[in-house]
Amino acid sequence: MKTNVPNQFINNPNTFMLFEKLPILVMKRLLLLLIVIFFNVTISGQTRKMDEDAPKIMEVQDFISTLKNKNPNTRKSKPEKTNLEKLLFDVQPSIYFNSGDAKTYGENPKNFFVDFQHLNKLKNSDLLINNIEIVTIKINNKSELNSTIDLSVFSSFKKLKYVYITTVLSIDESVISKMIRNYDEKYTVIYGIEKGA
């Protein structure tokens, strides 16, 4: 007589092994997912920190326009705009620092002019910098664009508000931003391109 053996769902060794491997497979996938999430959070956090540390740089005319448009009802934006325009466009008592020699014109200078190539000599100089409000750095050639501008050389300039970078070369804020080191929020970094020079 032939016996009929029913199909076994629960005690079949092949099926049992499948259910035993399933939790391990799920755990591996979950672990991989957690690693990917952790990696993405770490990278985005570093990118955000780099963005926060990067200086906010604007073209000089755009910056002056933002000062004009900045809440026209407040009195602070107009004096700041007027002060910056005076520093940039009017004759002011100034210091010109070239090849290690400083020439001062007028009393209590507010402007400081320096060529890019002489920035590293500032630390060793003895200058009257107590009233300096704006530093103008002139970039003369393309090779200087591959160098850095260390803003810590201006740490002894107590009243410094603006760092103005000027050149005849065609540049934008991303080029200047890559050059800046040791950015300090108390400085506003602006740039301008001289026409026809």
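Only a predicted model underlies this, so the values are computations on that prediction, with no experimental measurement involved.

Caption draft 1: Region of the structure containing the layout of surface pockets. If you add up the space inside the largest pocket, you get close to 290 Å³. Considering the residues around the largest pocket, the lining is formed by 20 residues, among which Leu-87, Leu-88, Asn-111, Phe-113 and Thr-136 are closest to the centre. Of all elements in the fold, only α2 (60-69), α3 (77-89), β2 (94-98), β4 (111-115), β5 (134-139), β7 (162-167) and β9 (188-193) reach the threshold of two or more residues within the lining of the largest pocket. Ranked by the residues each element gives to the lining of the largest pocket, the list is headed by α3, at three residues. Taken together, the residues that form the lining of the largest pocket break down as eleven nonpolar, seven polar and two charged.

Caption draft 2: Region of the structure containing unusual backbone geometry. Unusually for a residue other than glycine, Asn-108 sits at a positive phi of about 50°. Along the chain, Asn-108 turns up in the loop between β3 (101-105) and β4. Residue Asn-108 is classed as exposed on the basis of its relative accessible area, which comes to 51%. Unusually for a residue other than glycine, Asn-182 sits at a positive phi of about 55°.

Caption draft 3: Layout of the pairing of β3. By the bridge criterion, five bridges tie β2 to β3 in an arrangement that is antiparallel. Residue pairing in the sheet places Ile-95 in a bridge with Thr-104 of β3. Linking β2 back to β3 in an antiparallel pair, the connection comprises two residues, with Ser-99 at a positive phi of about 45°.

Caption draft 4: Layout of α2. Regarding α2, the residues found buried are Val-60, Phe-63, Ile-64 and Leu-67. For α2, the buried positions fall inside an angular range of 100° around the axis, keeping them on one side. The backbone nitrogen of Gln-61 lies 2.9 Å from a side-chain oxygen of the residue at the head of α2, namely Glu-59.

Here is what the cut-offs are and how they apply
Residues numbered from 1 in each chain as written. Predicted model: local features only at pLDDT ≥ 70, side-chain atom pairs only at ≥ 80, totals over all residues. Heavy atoms only, no water. 1 Å grid on protein atoms, 1.4 Å probe; cavity = no way out; pocket = protein on both sides within 12 Å on 5 of 7 lines; lining within 4 Å. Points joined across faces, edges and corners; volume = space filled by probe spheres on them. Helix = DSSP H or I, 4+ residues; strand = E, 2+ residues; numbered from the N terminus. Nonpolar A, V, L, I, M, F, W, Y, C, P; charged D, E, K, R; others polar. Buried < 20%, exposed > 50% of the residue type's maximum accessible area, 1.4 Å probe, protein only. Pairing = 2+ DSSP bridges. Arc of directions from axis to C-beta. Polar contact = N/O pair within 3.5 Å; in protein donor to acceptor, adjacent residues only side chain to side chain.

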